[in-house]
Each structure stands twice: as C-alpha cells, then as structure tokens.
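# Observations on chain architecture
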Amino acid sequence: MPVILYPPERFDLNEWFTLISLAVTLIIAFLLPKRFSPAAITVYCVFTVFLSQSVDSLIAVKPFDLYDVSDSSKYEIIDAVIYYVNYPPYTYFFMYFYDKWQLKGVWRVLYVVLYSGLSVFFEWLAVLCGVFKFKGWKLGYSPFVYVVVFVMYILVYHLTRKLLHEETLESH
C-alpha cells in the first residue's frame, strides 16, 4: 500500500519553523569538517529515520494517539521533511561531537543528559510553533525518551565504527 502524503491544511508557523530549522541544521552540518565516512553517515541517517518513524508509529497513532505532528493526524509532506531531512542532521551533531570529544564514563552520561535537555528545549519550541500537538503526551515524558534514544545512538555509533573498521581490515 503506497504512503499518501497530504499537503498542509494551511501553511503557517509550524511549516515555517520546520523549514527554518531545516535550513539552519543543514547549513551547520555542511559547514562542519567531515568526520565520518559516507557509509557511517548513511547508517546514522537511516537509523534516525527508522527510530523516529517507529516511535511515532507506536505512540502517535491509535490506540495511543498521544500527539499529532503538524496540522493533523494525516501524514503530511512536512511530516516527511521532519523525519527524513530535519532529524538526521540533529543526530549527526550528536554523533559528531560524541566522536570528536571521545567521551567516556561520567562525561558520556553528562553529554547524553545535556543533549536530552537540549532536545526537550527544541521540542518545547516546536510545540509552541504547532509542530507537535500533544493530546496525551506531556513534555515531562520526553527527557526519558531522549536518554534512551541517545544511548541507542551511542550503541549504533560504536557498532558502526567497529563494523566499518573490521570491513576495512578485511578488504586489505
């Protein structure tokens, strides 16, 4: 069954917020020095899309239906932009600085907690701009979800790094 992408019911603040945040994150991502191979970037992006779509498929639709993204519960074009284009650069920033700083121990925990707090702040801004409309979800739940998500990103980072390193060793 094909996925139907609906146009926005009206082009307003939530679409502008999404497009402006998209422009800012993409510009920053392209300006950062390259740290990862195209294969690693692909893994991080695909995992981000998979995870965000999976979480929303579990809690943002029936039977839970805890929030809507954009104007309605329909899958709008701007929703696809959020999942496929906005979220991956944000994950890239998380991975970029995690890799750059080679965090371990308490610093790793602190990084996950701080990045989760930053994510809650951006979610709060998105709620104010109408990107998310809570129907049962509370912003106070989000830090716990983000901690789990960022721990999963760290696991994917280490697994990807290990597999790509082993692949490189095996090919020579």
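Residues numbered from 1 in each chain as written. Predicted model: local features only at pLDDT ≥ 70, side-chain atom pairs only at ≥ 80, totals over all residues. Heavy atoms only, no water.

### Things to note about the overall build of the protein
Scanning the protein for helices and strands turns up five helices and two strands. When its helices and strands are written in sequence order, the protein yields α-α-β-α-α-β-α. The globule rule puts the C-alpha radius of gyration for 172 residues at 16 Å, and the 17 Å found for the protein is close to it. Seen through its principal axes, the protein has C-alpha atoms that stretch 55 × 35 × 35 Å. Going through the 172 residues of the protein one by one, you find that 38% of them count as buried. In the form shown here, the protein has an accessible surface area of approximately 10,400 Å², with 75% of it arising from carbon and sulfur atoms. Positive and negative side-chain charges of the protein, numbering 13 and 14 respectively, have mean locations separated by a distance of 8 Å. (Helix = DSSP H or I, 4+ residues; strand = E, 2+ residues; numbered from the N terminus. Rg over C-alpha atoms; globule rule 2.2 N^0.38 Å. Buried < 20%, exposed > 50% of the residue type's maximum accessible area, 1.4 Å probe, protein only. Areas by Shrake-Rupley, 256 points an atom, 1.4 Å probe, with all protein chains shown as cover. Lys, Arg positive; Asp, Glu negative; His and termini not counted. Charge placed at Lys NZ, Arg CZ, Asp CG, Glu CD.)

### Regarding the packing of helix α1 (residues 13-31) against helix α3 (residues 77-101)
Across the interface, α1 lies against α3 with an axial gap of 9 Å and an inter-helix angle of 35°. Crossing angle aside, the handedness with which α1 passes α3 is left-handed. Residue-level inspection shows E15, T18, L19, S21, L22, T25, L26, I28 and A29 of α1 in contact with α3, the latter providing I78, V81, I82, V85, N86, P89, Y92 and F93. Each residue belonging to the contact of α1 with α3 can be placed in one class, and the counts come to 12 nonpolar, four polar and one charged. (Axes fitted to C-alpha atoms, helices over the stretch in contact; angles between N-to-C directions. Left-handed = near helix turned anticlockwise from the far one by under 90°. Contact = heavy atoms within 4.5 Å. Nonpolar A, V, L, I, M, F, W, Y, C, P; charged D, E, K, R; others polar.)

### Description of the packing of α3 against helix α4 (residues 105-128)
For any two helices packed against each other, the geometry is given by the interaxial angle and the distance between the axes. Packing of α3 against α4 leaves a shortest axis separation of 12 Å and a crossing angle of 160°. By the criterion of interaxial angle, the relationship of α3 to α4 is roughly antiparallel. As α3 runs across α4, the sense of the crossing is right-handed. Taking contact as the criterion, the partners of Y90, F93, F94, F97, Y98 and W101 in α3 are, on α4, R108, Y111, V112, Y115, L118, S119 and F122. (Parallel < 35°, antiparallel > 145°, perpendicular 65-115°, else oblique.)

### Structural notes on a nonpolar patch on the surface
A cluster of nonpolar side chains, namely F11, L13, W16, L19, I20, V24 and I28, defines an oily patch on the protein surface of about 670 Å² accessible area. Counting through the fold element by element, L13 comes out in helix α1. (Patch = residues over 30% accessible without salt bridge, like charges linked within 9 Å, V, L, I, M, F, W, Y side chains within 5 Å. Salt bridge = Lys/Arg side-chain N within 4 Å of Asp/Glu carboxyl O.)

### What about the layout of surface pockets?
Summary: where empty space remains is shown by rolling a probe the size of a single water molecule over the atoms. What the largest pocket holds in volume is close to 990 Å³. As for the largest pocket, its lining consists of 40 residues, and the residues nearest its centre are Y87, Y90, S119, F122 and Y146. Put simply, the parts of the chain that give the lining of the largest pocket at least two residues each are α1, α2 (38-59), α3, α4, β2 (132-134) and α5 (142-171). In terms of residue class, the lining of the largest pocket is built from 29 nonpolar, nine polar and two charged. Lining of the second largest pocket is provided by 17 residues; of these, D56, A60, V61, S73 and Y75 occupy positions nearest its centre. (1 Å grid on protein atoms, 1.4 Å probe; cavity = no way out; pocket = protein on both sides within 12 Å on 5 of 7 lines; lining within 4 Å. Points joined across faces, edges and corners; volume = space filled by probe spheres on them.)

### What to know about the pattern of salt bridges
According to the stated counting rule, one finds six salt bridges in the structure shown. Here E9 and R10 are joined by a salt bridge, their closest N and O atoms 3.6 Å apart. According to the relative accessible area criterion, R10 is partly exposed, its value standing at 43%. Through salt bridges with shared partners, a single network forms among E9, R10 and D12.

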